[in-house]
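What follows is each chain in one-letter form.
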Amino acid sequence: MKILGIETSCDETAASIIEAKGDSIKVVSNVVSSQINIHRKYGGVVPEVAARDHIKNILPVIEQALAPLSPRKSDPGVKALAVTRGPGLIPALIVGLESAKALAYAWQKPLIGVNHMAGHIYSAWLEQKKLPQFPALILIVSGGHTELILMKGHYHFKKIGQTRDDAAGEAFDKVAKTLELGYPGGPSVATAATKITSSKTQIPKIVLPRPMMHDKNFDFSFSGLKTSVLYAVQKDKKWQQRLSEYCAEFQQAVIDVLIFKTLKAAEQYKVKSVILAGGVAANLELRKQLGNKIKTELPSVSFHLPHLKYTTDNAAMIAAAGYFYQQYEKKKNNITVDCNLTF
Ligand code: KG4
Ligand code: ZN
């Protein structure tokens, strides 16, 4: 069955058609119009500006996503529509929701309201040969969230840990601001970190904390780490010459904490699979190091990564989450909004 997904929770206007068969999901189209260039000059996303740009782009983006079908027909051939209902920026969400409601009404098709985080989780089902096994542990690392979720089956989520302050992506963005690297911070910090050379790793070595790493819970905290970078830079008159070192050590501190807690949770909950999802899952070092650690320390656990293009916000993941909601959750109750999520 084909599903149209729509996503406007932050600074990406996105629409996608997926084709689902059993648990296997093919992506027919995946259109993402990014507002990064608009928000760059403000150093972050301005909700009102985001909403105005969504209004401008939503119909052309949906039309482009529908192009492989029969977009101009009164029934283009989708079985249902799925739209992000939250969490996200309210003025931005409204644009996607109202557009989806109008189309669902015009086409007389069911509309499924999807939790954005469920979308990130289901990005690991898009165009994959090997699917995750349950129970699975998901590490979601995005600009707004950092969570460890135990998934015992489709739409069977339990949050076992989360950040107590900044999300991992938010910390990347704020550290990038401190280091004058611009917005969005994740990719620019990651790129700068790759430029580190052995000749630059001189005395005194930059050492940042690994917050909450050894606490007896699965929570995270990244606000103090971000502030440590600020204090270190304020004391270091030559910080610009050691930019790549600061980026590499900050990135490694985040990765160390994420990996340590994920492996501990995977062991404790005896999961069969680990999934890494969310915008920070685009970080190549995190992908590589988490994969290697699971392979060596938990060889019976499978590791699942969404394709790079599905890590940051997109509508294919929303369509997939809507599809699985319909398949598995709708049987239990008759509502079409996945409001029973525990996260
Ligand atoms: O999932 P996402 O697209 O939006 C939210 O739902 O928040 O995640 C965006 C976040 C931003 O904070 C961005 O800096 C971060 O993901 N990000 C990265 C990388 N690419 C994007 N963080 C670290 N390394 C990256 N390569
Ligand atoms: Zn997201």
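Only a predicted model underlies this, so the values are computations on that prediction, with no experimental measurement involved.

Draft legend 1. Broad picture of the overall build of the protein. Helix and strand counts for the protein stand at 10 helices and 10 strands. When its C-alpha atoms are laid out on the principal axes, the protein stretches across 70 × 45 × 30 Å. When burial is assessed residue by residue, the protein has 54% of its 343 residues classed as buried. If you sum the accessible surface of the protein, you get close to 15300 Å²; carbon and sulfur atoms cover 55% of it. In the protein, 43 positive and 29 negative side-chain charges are present, and the distance between their average locations comes to 4 Å.

Draft legend 2. Expanded view of the sheet that holds strand 5 (residues 111-115). Strand order in this open sheet of 5 strands is 3-2-1-4-5, and the pairing throughout is mixed. Both outer strands of the open sheet, strand 3 (24-34) and strand 5, are each paired with one neighbouring strand and no more. Pairs of neighbouring strands in the sheet enclose a mean axial angle of 20 degrees, with direction left out of account. The strands touched by helix 2 (residues 47-66) are strand 1 (2-7), strand 2 (12-21) and strand 3; relative to strand 2, the strand with the most contacts, the crossing angle is about 25 degrees. Of the strands in this sheet, strand 1, strand 4 (80-86) and strand 5 touch helix 3 (residues 90-107), which is tilted by about 160 degrees from strand 4.

Draft legend 3. Here's a closer look at the environment of T227. Relative to the assigned elements, T227 resides in helix 7 (residues 223-235). Relative accessible area serves as the criterion here: at 24%, T227 is assigned to the partly exposed category. Taking the C-alpha atoms as reference points, T227 and A171, separated by 56 residues in sequence, lie 9.4 Å from one another. Among the polar contacts made by the side chain of T227, one reaches the main-chain carbonyl oxygen of S223 at a distance of 2.9 Å.

Draft legend 4. Focus on the side chain of S273. Residue position: S273 is located in strand 9 (residues 273-277). A polar atom in the side chain of S273 sits 2.8 Å from the side chain of S302. Once residues lying within four places of it in the same chain are set aside, the contact partners of S273 are P132, Q133, P135, A136, L137, V301, S302 and H304.

Draft legend 5. Main features of the site of ligand 1. Every one of the 17 residues lining ligand 1 counts as a neighbour, but H120, G143, D173, G186 and N283 are closest to it. Alone, ligand 1 offers 550 Å² of accessible surface; in the complex the protein occludes 87% of this. Contributing elements (two or more residues each) for the shell around ligand 1: helix 4 (116-122), helix 5 (168-178) and helix 6 (185-194).

Draft legend 6. Examining the environment of A51 more closely. As for its placement among the helices and strands, A51 is situated in helix 2. With a relative accessible area of 7%, A51 lands in the buried category. Sequence separation between A51 and A319 is 268 residues; the distance between their C-alpha atoms is 21 Å. Excluding its chain neighbours within four sequence positions, the residues that come into contact with A51 are P91, A92 and V95.

Draft legend 7. The arrangement of helix 7 in detail. For helix 7, built from 13 residues, the straight-helix expectation of 18 Å at 1.5 Å per residue is met to within 8% by its first-to-last C-alpha distance of 19 Å. Those residues of helix 7 lying buried are L225, K226, S228, V229 and V233. All buried residues of helix 7 fall inside an arc of 155 degrees around its axis, so they share one side. In helix 7, the exposed positions that point more than 90 degrees away from the buried face belong to Q234 and K235.

Draft legend 8. Main features of the sheet that holds strand 7 (residues 146-153). Strand order in the open sheet made by the 5 strands is 8-7-6-9-10, with mixed pairing throughout. Strand pairing shows two members of the sheet lacking a second neighbour, strand 8 (156-162) and strand 10 (302-304), which therefore form its edges. This sheet shows a mean twist of 20 degrees between the axes of neighbouring strands, independent of strand direction. Judged from the 6 bridges that link them, strand 7 and strand 8 form a sheet pairing that is antiparallel. Following the sheet pairing, I149 is matched in strand 8 by K159.

Draft legend 9. Geometry of the packing of helix 8 (residues 243-268) against helix 9 (residues 284-297). The contact between helix 8 and helix 9 brings their axes to 10 Å, and the two run at 35 degrees. Viewed along their axes, helix 8 and helix 9 form a crossing whose handedness is right-handed. Along its contact with helix 8, which presents Q251, Q252, I255, L258, I259, T262 and L263, the element helix 9 presents E285, L286, Q289, L290, K293, I294 and E297. Each residue belonging to the contact of helix 8 with helix 9 can be placed in one class, and the counts come to 7 nonpolar, 4 polar and 3 charged.

Draft legend 10. Structural detail: the pairing of strand 9. Within strand 9, 5 of the 5 residues are buried, leaving the element largely enclosed by the surrounding structure. Every second residue of strand 9 is oriented toward a common face, with S273, I275 and A277 on one face and V274 and L276 on the other, all of them buried. Where strand 6 (residues 136-141) meets strand 9, 5 bridges bridge the pair, whose relative direction is parallel. Each residue of the ladder has a partner; that of A136, found in strand 9, is S273. As paired strands, strand 9 and strand 10 are joined by 3 bridges and run parallel to one another. Counted as the bridge partner of S273 is S302 from strand 10. In the classification by handedness, the crossover that spans strand 9, the intervening helix 9 and the parallel strand 10 is right-handed.

The rules we used
Residues numbered from 1 in each chain as written. Chains lettered and ligands numbered in written order. Predicted model: local features only at pLDDT ≥ 70, side-chain atom pairs only at ≥ 80, totals over all residues. Heavy atoms only, no water. Helix = DSSP H or I, 4+ residues; strand = E, 2+ residues; numbered from the N terminus. Buried < 20%, exposed > 50% of the residue type's maximum accessible area, 1.4 Å probe, protein only. Areas by Shrake-Rupley, 256 points an atom, 1.4 Å probe, with all protein chains shown as cover. Lys, Arg positive; Asp, Glu negative; His and termini not counted. Charge placed at Lys NZ, Arg CZ, Asp CG, Glu CD. Pairing = 2+ DSSP bridges. Axes fitted to C-alpha atoms, helices over the stretch in contact; angles between N-to-C directions. Contact = heavy atoms within 4.5 Å. Polar contact = N/O pair within 3.5 Å; in protein donor to acceptor, adjacent residues only side chain to side chain. Near = heavy atom within 4 Å. Expected span 1.5 Å × (residues − 1). Arc of directions from axis to C-beta. Left-handed = near helix turned anticlockwise from the far one by under 90°. Nonpolar A, V, L, I, M, F, W, Y, C, P; charged D, E, K, R; others polar. Right-handed = clockwise from strand over helix to strand, strands pointing away.

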